[in-house]
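Architecture and fold: a report
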Amino acid sequence: ASPTDNGTTSHPNGTLQQLPQILIIGVRKGGTRALIEMLSLHSAVAAAQNEVHFFDWESHFQKGLSWYLSQMPYAFPDQLTVEKTPAYFTSSKVPKRIHQMNPDIKLLLILRDPTERVLSDYTQVFYNRLQKHKRYQPIESVLVKDGEINLGYKALNRSLYYVHMQNWLHYFPLESIHVVDGDELIRDPFPEMKKVERFLKLEPQINASNFYFNKTKGFYCLRDHGRERCLHDSKGRAHPHVAPAILQKLYQFFHEPNKKFFELVGRTFNWK
Ligand code: A3P
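Residues numbered from 1 in each chain as written. Predicted model: local features only at pLDDT ≥ 70, side-chain atom pairs only at ≥ 80, totals over all residues. Heavy atoms only, no water.

Turning our eyes to something else, we now look at the overall build of the protein. A tally of regular secondary structure across the protein gives eleven helices and 14 strands. Since a compact globule built from 272 residues should have a radius of gyration of about 19 Å, the 19 Å found for the protein is in line with a globular shape. In terms of overall dimensions, the protein has a C-alpha envelope of 60 × 45 × 40 Å along the principal axes. Burial analysis of the protein (272 residues in total) assigns 48% to the buried set. Put simply, of all contacts in the protein between residues at least 6 apart along the chain, 71% involve residues at least 24 apart. For the protein, the computed accessible surface area is about 14,100 Å², with 51% contributed by carbon and sulfur atoms. Counting 35 positive and 27 negative side-chain charges, the protein places the centres of these two groups 5 Å from one another. (Helix = DSSP H or I, 4+ residues; strand = E, 2+ residues; numbered from the N terminus. Rg over C-alpha atoms; globule rule 2.2 N^0.38 Å. Buried < 20%, exposed > 50% of the residue type's maximum accessible area, 1.4 Å probe, protein only. Contact = heavy atoms within 4.5 Å. Areas by Shrake-Rupley, 256 points an atom, 1.4 Å probe, with all protein chains shown as cover. Lys, Arg positive; Asp, Glu negative; His and termini not counted. Charge placed at Lys NZ, Arg CZ, Asp CG, Glu CD.)

This is how it looks when you write it as structure tokens:
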């Protein structure tokens, strides 16, 4: 591969590495893996395999754009490159950095019911600790402190979507940010993906037959050129049971923040 002066690195078979024109910025546990996999069904999209963490990790950011470029997949010149790092959405220094790279970049943000997202976040940390043979407090003792919602629990902050969205809207117009309904992407992915295709101005190519419901997994899986595959077992895990009274408190906790988010984006979501 040889570097050129237009921010790309070319490869003998006609492919090249390019800085992403599309970013999936989050939210963590929103369905970001499903979204990038489903977007990859489109022949005009080349997706980075890993979460690059360029804009949020100082040690990566300091390496500069040439390092970022080197992390990108080889793509044909008419393909668009997409990278997803779910932590970008909640990191306040990231929007400015992305804007400096490309103010016209297209941003995809996938959100789901904020309470559901908290339970998913807890479940992820629970399994990460289990892998390291460490224990994690039961969900209810993380969620509640002295009979009230524990405001010190970080996962709650990640579900305060309006707080983070404000940072993004400081740098990008609303038209540059497409919010994907993560609950709908689970329930019926095809219509959500058609909206994504339209937002990205891609030729309509993703088809209903690209998706089939897998009863064993309880989620939609993908059919790509006849090959069928589901997401990894770590996607779509059961969440812990939470007492209805605590759940109710959580729903209430998010009520006002959700309203603020709806006002910011001029659109409502079916969150409890
Ligand atoms: P749960 O495992 O809590 O159910 P991310 O990729 O951002 O970490 O998001 C993971 C979430 O994607 C999963 O959370 C799951 O609900 C959701 N998801 C959406 N579509 C899915 C699909 N087709 N298969 C598996 N998980 C999917």
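Turning our attention to the environment of Thr 9. Relative to the helices and strands, Thr 9 is located in strand S2 (residues 8–10). Sequence separation of Thr 9 and Leu 69 is 60 residues, and the distance between their C-alpha atoms is 7.8 Å.

Let us now look at the site of the ligand. Lining the immediate environment of the ligand, one finds 19 residues, of which Thr 32, Ser 120, Tyr 220, Gly 236 and His 239 sit closest. Contact distances for the ligand include 2.6 Å between an oxygen atom and a side-chain N or O atom of Ser 120. In the complex, the protein chains occlude 97% of the 570 Å² of accessible area that the ligand would expose alone. Mapped onto the shell around the ligand, the elements with two or more residues apiece are helix H1 (32–39) and strand S13 (219–224). If you tally residues by element for the shell around the ligand, the top one is H1, at four residues. Counted by class, the shell around the ligand contains six nonpolar, seven polar and six charged residues. (Near = heavy atom within 4 Å. Polar contact = N/O pair within 3.5 Å; in protein donor to acceptor, adjacent residues only side chain to side chain. Nonpolar A, V, L, I, M, F, W, Y, C, P; charged D, E, K, R; others polar.)

A few words now on the confidence of the model for the protein. Counting all residues, the mean pLDDT for the protein is 96, and 97% of those residues have values of 70 or more. Per-element confidence in the protein ranges from a low mean pLDDT of 51 for strand S1 (residues 2–3) to a high of 99 for strand S8 (residues 106–111). Prediction confidence for the complex, expressed as pTM and ipTM, is 0.96 and 0.99 respectively. (pLDDT = per-residue confidence, 0-100.)

Among the five residues that make up strand S4 (residues 22–26), five are buried, leaving the element largely enclosed by the rest of the structure. The pairing of S4 with strand S7 (residues 80–84) spans three bridges and is parallel. Bridge assignment links Ile 24 to a residue of S7, and that residue is Lys 84. (Pairing = 2+ DSSP bridges.)

The next point concerns the nonpolar core. Side chains that are nonpolar tend, in soluble globular proteins, to be buried together. Within the largest apolar cluster, 31 residues are counted, with the highest numbers of intra-cluster contacts made by Tyr 88, Ile 98, Trp 168 and Phe 261. Elements that contribute at least two residues to this core include exactly S4, helix H3 (65–70), helix H4 (94–101), S8, helix H8 (161–169), strand S11 (177–181) and helix H11 (244–265). In terms of nonpolar packing, the next biggest core, distinct from the first, is built from 25 residues, Leu 108, Val 180, Met 193 and Val 196 among them. (Core = buried A, V, L, I, M, F, W, Y, C linked by side-chain atoms within 4.5 Å.)

Here three strands make up an open sheet; going across it, the order is S12-S13-S14 and the pairing antiparallel. At either margin of the open sheet sits one strand with a lone partner, and together these are strand S12 (211–214) and strand S14 (227–229). Between one strand axis and the next, the sheet turns through 35° on average, direction left out of account. (Axes fitted to C-alpha atoms, helices over the stretch in contact; angles between N-to-C directions.)

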